[in-house]
Amino acid sequence: MNAPSTRKPAIDLRRYRFVRAAVGVWMTGVIGFAFLRDIPSLEILEHTARNLYFHVPMWFTMMAAVIVAAYHSARYLATDDPVRDVRAEQAARVGFVFGLLGILTGIVWARFTWYVGQGIWWNFDPRQTMVAVFLLIYGAYFTLRSSIDEPTRRARVAAVYNLFAAATMPFLTYVVPRQMPSLHPGAEGSPAFSETDLAPVMRPIFYAAIIGFIVLFWVIYTQRVRTALLEEELEENPL
Amino acid sequence: MGIWDLEPVPSMQIIPQDTTATSPYDTVWTQVPEQQPEGLERVMLAEDKLFVVLAVVLIIWFGLLFFLYRTDRRLDRLERSLERGISQDPDESVVG
């Protein structure tokens, strides 16, 4: 492995601190607007339409994280730079957490909106099931990592697996769920960007929430990369 | 009729709806509950289901908070190994 002591700083701390402050302000505004703006009232949905600002960005964020992780895995295979491996792992971890939060928020939303009086927590909705399958596939990446001790071999095998896992994402989150009848919108096109499915008053808040959560992902991910790089440095250069 | 032509939520009036027209977010999957909601549902359905949104926000908040604590634990370990002046045992580096 390369000597970490000669490595140039992997993270621009000034940029990190600026983005961290900005996302704090931004998300505060998003949450405020999400609760305070009036929205059209629909039967069944009622106020839960506001979950659009929270549940849906979880998935956008997870997808962004998976793409970031796959990018760094590909770069690792091209360059053998251990920092790429660290970045891929941390992006995958944070993305996985956003995926879990997406599933949990979806369960609660559906249970108390569409399944009132029926007590259904999990209905094998196609999209729900497919993202659960995706999270299992993606979770295997971490299991795989922890099963290989030798760092270079672990990094290479994990990078290859990560690329395969990421390649299943578009199919499991977009293609397959839209072929089947579902509680989720989307069979008719792209619900997030279509002209008819989303009330104009909700649109800016929705997009702001997506941007905010993705930037929040970047902050958490960068924080974890810093920690992981320190750990590696200590491991290789004991005091 | 676009859905944004409807009254905003706070008016709380019942809006007559043509259910045969476009059915956004699906009436097919829904059965109207016959009995009054009880327990958890009574709480969640109050205020036009606003508490469902609160629950979703809290799930995200606690999830991120939990994650923050995990990162903190790793920093604690780093600080301890700095104090001891030895590197940590790689076998002990916990996943996550």
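Criteria and thresholds
- Residues numbered from 1 in each chain as written.
- Chains lettered and ligands numbered in written order.
- Predicted model: local features only at pLDDT ≥ 70, side-chain atom pairs only at ≥ 80, totals over all residues.
- Heavy atoms only, no water.
- Helix = DSSP H or I, 4+ residues; strand = E, 2+ residues; numbered from the N terminus.
- Buried < 20%, exposed > 50% of the residue type's maximum accessible area, 1.4 Å probe, protein only.
- Areas by Shrake-Rupley, 256 points an atom, 1.4 Å probe, with all protein chains shown as cover.
- Contact = heavy atoms within 4.5 Å.
- pLDDT = per-residue confidence, 0-100.
- Expected span 1.5 Å × (residues − 1).
- Polar contact = N/O pair within 3.5 Å; in protein donor to acceptor, adjacent residues only side chain to side chain.
- Axes fitted to C-alpha atoms, helices over the stretch in contact; angles between N-to-C directions.
- Parallel < 35°, antiparallel > 145°, perpendicular 65-115°, else oblique.
- Left-handed = near helix turned anticlockwise from the far one by under 90°.
- Core = buried A, V, L, I, M, F, W, Y, C linked by side-chain atoms within 4.5 Å.
- Patch = residues over 30% accessible without salt bridge, like charges linked within 9 Å, V, L, I, M, F, W, Y side chains within 5 Å.
- Salt bridge = Lys/Arg side-chain N within 4 Å of Asp/Glu carboxyl O.
- Phe/Tyr/Trp six-rings, centres within 6.5 Å; stacked < 30°, edge-to-face > 60°.
- Lys, Arg positive; Asp, Glu negative; His and termini not counted.
- Charge placed at Lys NZ, Arg CZ, Asp CG, Glu CD.
- Nonpolar A, V, L, I, M, F, W, Y, C, P; charged D, E, K, R; others polar.

Draft legend 1. Summary view of the overall build of chain B. Secondary structure assignment for chain B yields 1 helix and 0 strands. Burial statistics for chain B: of 96 residues in total, 28% are counted as buried. Counting only carbon and sulfur atoms, one obtains 58% of the accessible surface of chain B, whose full area is about 6800 Å².

Draft legend 2. Molecular detail of the overall build of chain A. A count of helices and strands for chain A gives 6 helices and 0 strands. Listed N to C, the secondary structure of chain A is α-α-α-α-α-α in terms of helices and strands. A total of 239 residues make up chain A; the buried ones form 52% of that total. Sequence separation of 24 or more characterises 76% of the internal contacts of chain A that already satisfy a separation of 6 or more.

Draft legend 3. Representation of the confidence of the model for chain A. Looking at chain A, pLDDT values average 89 and 92% of them are 70 or higher. Between residues 1–6 of chain A, whose pLDDT stays under 50, and residues either more than four places distant or in other chains, the model counts 12 contacts.

Draft legend 4. Quick peek at helix 3 (residues 82–111) of chain A. Residues and elements named next belong to chain A. The terminal C-alpha atoms of helix 3, which comprises 30 residues, lie 44 Å apart, in line with the 44 Å expected from a rise of 1.5 Å per residue. Counting buried positions over the 30 residues of helix 3 gives 26, a clear majority of the element. If you check the start of helix 3, you find a side-chain oxygen 3.1 Å away from the backbone N of Val83, and it comes from Asp81.

Draft legend 5. Molecular detail of the packing of helix 3 of chain A against helix 1 (residues 40–84) of chain B. Put simply, helix 3 of chain A and helix 1 of chain B touch, their axes get as near as 10 Å, and they point 160° apart. By the angle between their directions, the pair helix 3 of chain A and helix 1 of chain B is classed as roughly antiparallel. The element helix 3 of chain A and its partner helix 1 of chain B pack so that their crossing is right-handed. Two secondary-structure elements touch here, helix 3 of chain A through Gln90, Arg93, Val94, Val97, Phe98, Leu101, Leu104, Thr105, Val108, Trp109 and Arg111 of chain A and helix 1 of chain B through Glu41, Met44, Val52, Ala55, Val56, Ile59, Ile60, Gly63, Leu64, Phe67 and Arg74 of chain B.

Draft legend 6. Inspection of the nonpolar core at higher detail. Counting residues in each nonpolar core, the largest one holds 80 residues, and the members touching the most others are Tyr53 and Phe54 of chain A. If you list the elements that add at least two residues to this core, you get helix 1 (13–36), helix 2 (55–79), helix 3, helix 4 (126–146), helix 5 (151–175) and helix 6 (203–236) of chain A together with helix 1 of chain B. Those residues in contact with Tyr53 of chain A that lie beyond four places of it in its chain are Ala34, Ile39, Met202, Ile205, Phe206, Ala209 and Phe213 of chain A.

Draft legend 7. A look at a nonpolar patch on the surface. Residues Val43, Phe51, Leu54, Leu58, Trp61 and Phe62 of chain B make up a contiguous nonpolar surface patch of about 560 Å² in total accessible area. Among the structural elements, Phe62 of chain B can be located in helix 1.

Draft legend 8. Structural detail: the pattern of salt bridges. Per the stated rule, a full pass over the model turns up 7 salt bridges over all chains. Glu46 of chain A is the partner of Lys49 of chain B in a salt bridge, and the nearest nitrogen-oxygen pair spans 3.4 Å. Here Lys49 of chain B is found in helix 1, whereas its partner Glu46 of chain A is found in the loop between helix 1 and helix 2 on a different chain. Note on Glu46 of chain A: relative accessible area 22%, which makes it partly exposed. Residue Arg111 of chain A pairs with Glu41 of chain B through a salt bridge whose shortest N-O separation is 2.7 Å. Placement of Arg111 of chain A in helix 3 and of Glu41 of chain B in helix 1 is noted, with the two residues assigned to different chains. Its relative accessible area of 9% is what places Arg111 of chain A among the buried residues.

Draft legend 9. Expanded view of unusual backbone geometry. Residues and elements named next belong to chain A. Even without glycine at this site, Ile44 takes up a positive phi of about 70°. With respect to the helices and strands, Ile44 occurs in the loop between helix 1 and helix 2. Even without being a glycine, Asp80 presents a positive backbone phi close to 60°.

Draft legend 10. Representation of the packing of aromatic side chains within the structure. Residue and element names in this part refer to chain A. One pass over the structure, following the stated rule, counts 13 aromatic pairs over all chains. Their ring planes at 75° and their centres at 5.5 Å tell us that Phe96 and Phe142 sit as a pair that is edge-to-face. Note that Phe96 is positioned in helix 3 and Phe142 in helix 4, a separation of 46 residues in sequence. Ring geometry for Trp109 versus Trp114: centroids 5.6 Å apart, planes at 45°, classification tilted. Here a set of aromatic residues connected by ring pairs shows up, and it is made of Phe96, Phe134, Tyr138, Tyr141 and Phe142.

Draft legend 11. Examining a negative patch on the surface more closely. A cluster of acidic residues, Asp72, Asp76, Glu79 and Glu83 of chain B, forms a negative patch at the surface. Using a relative accessible area of 69% as the deciding quantity, one classes Glu83 of chain B as exposed.

Draft legend 12. Representation of the packing of helix 2 of chain A against helix 4 of chain A in the model. Residues and elements named next belong to chain A. At a minimum axis distance of 14 Å, the contact between helix 2 and helix 4 shows a crossing angle of 30°. Here helix 2 is positioned roughly parallel relative to helix 4, judged by the angle of their axes. Regarding helix 2 and helix 4, the two cross each other, and that crossing is left-handed. Contacts between helix 2 and helix 4 pair Trp59, Met62, Val66 and Ala69 from the former with Val131, Phe134, Leu135 and Tyr138 from the latter. The residue inventory of the contact of helix 2 with helix 4, partitioned by class, reads 8 nonpolar, no polar and no charged.

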